[in-house]
Amino acid sequence: MYLGYVAKRFAIMLLVIFLAVSINFALPRMMPGDPIQAELSQVMASGSGSGDITAMVKSYQARFGLDQPVWHQYLAYWQQVFSLDLGYSLVNYPEKVNSAILNGLPWTLSLLGFATLISFSVGTILGGLIGWPRTPRFVANLGSGVVLLSSVPYFLIGMVLLYVFAIVLKWFPAGGGMPFGLNAGFNFETIRGVLWHGTLPALSIILAEIGAWAIGMRGMLVSVLGEDYISLAEAKGNRPGRILTRYGMRNALLPQMTRLALALGHIVSGAVLVEVIFSYPGIGFRLYQAIQTKDYFVLQGIILLLSVSIAIAMFVLDLIYPLIDPRITARGR
Amino acid sequence: MRNLLAAIGAELARNRTLLAGVVLLGIIIAVAILGPLLIDPSHAKVGATIPRSPPNGQHWLGTDGQGRDVFTALLLAMPQTLKIGLIAGLISLSVGVALGLIAGFSGGIVDTVIRLFSDVMMTIPGIAILVLVASNVREMTVELMAVIVACLSWMVATRTIRAQTLSLRERGYVQIARLNGSSELKLIFVEVLPNLLPFIASSFVIAVSNAMLATIGLEALGLGPQSELTLGMTIYWAQFYGAIVRGMWWWWGPPIILISLIFIGLMLASAGMDGFVNKRLRSD
């Protein structure tokens, strides 16, 4: 039963990756215009290049295999993907796309990982408090305010935070990943600098996400509090606080945990725009720069990374689901 | 029809969250429709005013770095942004309802294919495809933006409608109609579709909200309609010209407030409808 389920999920993951790679291959080729021609003309126009443009286009086309038949290019693209060679950046040549991604990844992963865990913990506790009838009125009202805040897109919150705390009050830096000119190393200075620069980006994600976690927790807690074992616990004379934490929130936590796993799966694509607002040197900021400068191969490389990482994360999550909640395989989903 | 209106009125009177959302959205839509009629659109052109002046008697919300009057630009941008949300919401809802009904009613291989397709589409990150398409299109327009966003947001509606169709088609009254010899088409349109209305309404609000979120995100990345005024593009230009660092709060502040109000209105409406839809479920 479990094996059949795993096989089916695995097939879906392969299908998604296949589609993502194919779309990544096909879209630029379906569009009108020749990116290489356009790119080179731009380089020429800006005066930073010289030489015969037609010959250069030819040689570039040969270099990227664009003079071959389409199916040939398609197979070559797959070969490239399998050998994890995503080519060079057009703008920052000779930087490789791989190294562009690898430079950004640690920043994004640590920022998002930290922000997700914090907002999960705070939001879950907050949701528990809102859903609990004995919670003081003002706490519940405060909670509703935070929930409303969560409907505002996170990068807009980031802009306000940036203005208030970095421009007006000057408590935090306005951008970057660490103090300018600092030699990175494993020491107190570096860690302090990274944390200092990461505070505002993290805070804007946290403020926007807390509400979503709180809503989920509140919904689950309300339905759990209607269960018979809660009445039994009350009849046995347990203290209300104990009923909330031990009987209520503990049972409401399971769906929250699966949603946490899901959120961690989306961690790479999570907060592109926050990175843009704060010029944070992660994957998202790199994606933005690639869009701005039409850096084709970096753009494709990052998007491929996003698609594949989500596909794999979903698969892993599907593997874990039945272990947490046996009803899923039993229903033969 | 009158019954339906009366039912909606009674629900609004009881459901304060829904009422708040509907009133807020109503005000926003009214401003978006009436606003552009009351102002002189030429003030929103680049270079129409003295750039970078803070709010004053003549320019209520100041002027931006390119010499647009911010107040005028916002009034012109609002209907555009709402238009993207509405078109994208309508398209993705129609696709969702159609596919959901077909999948729910026919079952078998058709159902499997539709479900697999929407599962796969849900896994491929929308922003990836959006970035690829948007960065490859020559000239982005408001309408094209709406279509692109809609192509990637029909899955939620499909799932909701399919699940509801599956449960509705086994209900007693549908079975009786079937035994009475009603055709499948008549079953769908007369028996099932009217009962799906609350779900369709709440799916619509969610679809519009998701579409606008995706749109504003794309626009803020610089992939929106460069030559048109929308709320997202205003944010993008403000960000592009460093309005935050230069302390020009009147340039980026007002669009943020407007966008926030729109999303808060949509969330209140959606939360209110959720209570309504679930109550129906409970009383059934």
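Please refer to the structure placed before this passage.
A quick note: this is a predicted structure, and the numbers were derived from the prediction, not measured.

Chemist: How should I be thinking about the interface of chain A and chain B in this particular structure?
Modeler: You'll often see interface size given as the accessible area lost when the parts meet. Contacts between the two partners involve 38 residues from chain A and, on the opposite side, 33 residues from chain B. Residue assignment for the side of chain A that touches chain B shows that the elements contributing at least two residues are helix H1 (2–30), helix H7 (154–168), helix H11 (272–277), helix H12 (283–293) and helix H13 (296–324) of chain A. Broken down by element, the side of chain A that touches chain B gets its largest block of residues, 9 residues, from H1 of chain A. Each residue belonging to the side of chain A that touches chain B can be placed in one class, and the counts come to 33 nonpolar, 5 polar and no charged.

Chemist: Whenever I open this one, the packing of helix H5 (residues 97–131) of chain A against helix H6 (residues 137–149) of chain A confuses me. Can you help?
Modeler: Helix-helix packing is described using two parameters, namely the angle between the two axes and the distance between the axes. All names here are of chain A. Where H5 contacts H6, the two axes come as close as 9 Å, and the packing angle between them is 130 degrees. As judged from the angle between their axes, H5 and H6 are oblique. Like other packed secondary-structure pairs, H5 and H6 cross with a definite hand, here left-handed. When H5 is examined against H6, the residues Leu-126, Leu-129 and Ile-130 are found in contact with a partner set consisting of Val-139, Ala-140, Gly-143 and Val-146. Of the residues contributing to the contact of H5 with H6, the split by class is 6 nonpolar, 1 polar and no charged.

Chemist: Mind showing me how you'd approach unusual backbone geometry here?
Modeler: With the exception of glycine, most residues fall at negative phi, and the peptide bonds are largely trans. All names here are of chain A. In this structure, Lys-170 is a non-glycine residue whose phi angle is positive, near 55 degrees. With respect to the helices and strands, Lys-170 occurs in the loop between H7 and helix H8 (188–225). Lys-170 sits in the exposed class, given 9 other C-beta atoms within 10 Å.

Chemist: Any chance you could explain the nonpolar core here in plain terms?
Modeler: Taken as a class, soluble globular proteins show a tendency for nonpolar side chains to be buried jointly. With 153 residues, the main nonpolar core has Met-159, Leu-273 and Ile-302 of chain A together with Leu-130, Val-149 and Trp-252 of chain B as its most contacted residues. For Leu-130 of chain B, the residues in contact, after removing those within four places along its chain, are Ile-148, Leu-152, Ala-214 and Leu-218 of chain B.

Chemist: Sorry if this is basic, but what is going on with the packing of H7 of chain A against H8 of chain A here?
Modeler: All names here are of chain A. At a minimum axis separation of 9 Å, H7 and H8 run at an interaxial angle of 135 degrees. Considering their axes alone, H7 and H8 lie oblique with respect to each other. Of the two possible hands of crossing, H7 and H8 adopt the one that is right-handed. Of H8, the residues touching H7 (which contributes Tyr-154, Ile-157, Gly-158, Leu-161, Leu-162, Phe-165 and Ala-166) are Leu-200, Pro-201, Leu-203, Ser-204, Ile-205, Leu-207 and Ala-208. Across the contact of H7 with H8, the residue classes tally to 12 nonpolar, 2 polar and no charged.

How each quantity is defined
- Residues numbered from 1 in each chain as written.
- Chains lettered and ligands numbered in written order.
- Predicted model: local features only at pLDDT ≥ 70, side-chain atom pairs only at ≥ 80, totals over all residues.
- Contact = placed C-beta atoms within 7 Å.
- Helix = DSSP H or I, 4+ residues; strand = E, 2+ residues; numbered from the N terminus.
- Nonpolar A, V, L, I, M, F, W, Y, C, P; charged D, E, K, R; others polar.
- Axes fitted to C-alpha atoms, helices over the stretch in contact; angles between N-to-C directions.
- Parallel < 35°, antiparallel > 145°, perpendicular 65-115°, else oblique.
- Left-handed = near helix turned anticlockwise from the far one by under 90°.
- Buried ≥ 20, exposed ≤ 12 C-beta atoms within 10 Å, placed from the backbone.
- Core = buried A, V, L, I, M, F, W, Y, C linked by C-beta atoms within 7 Å.

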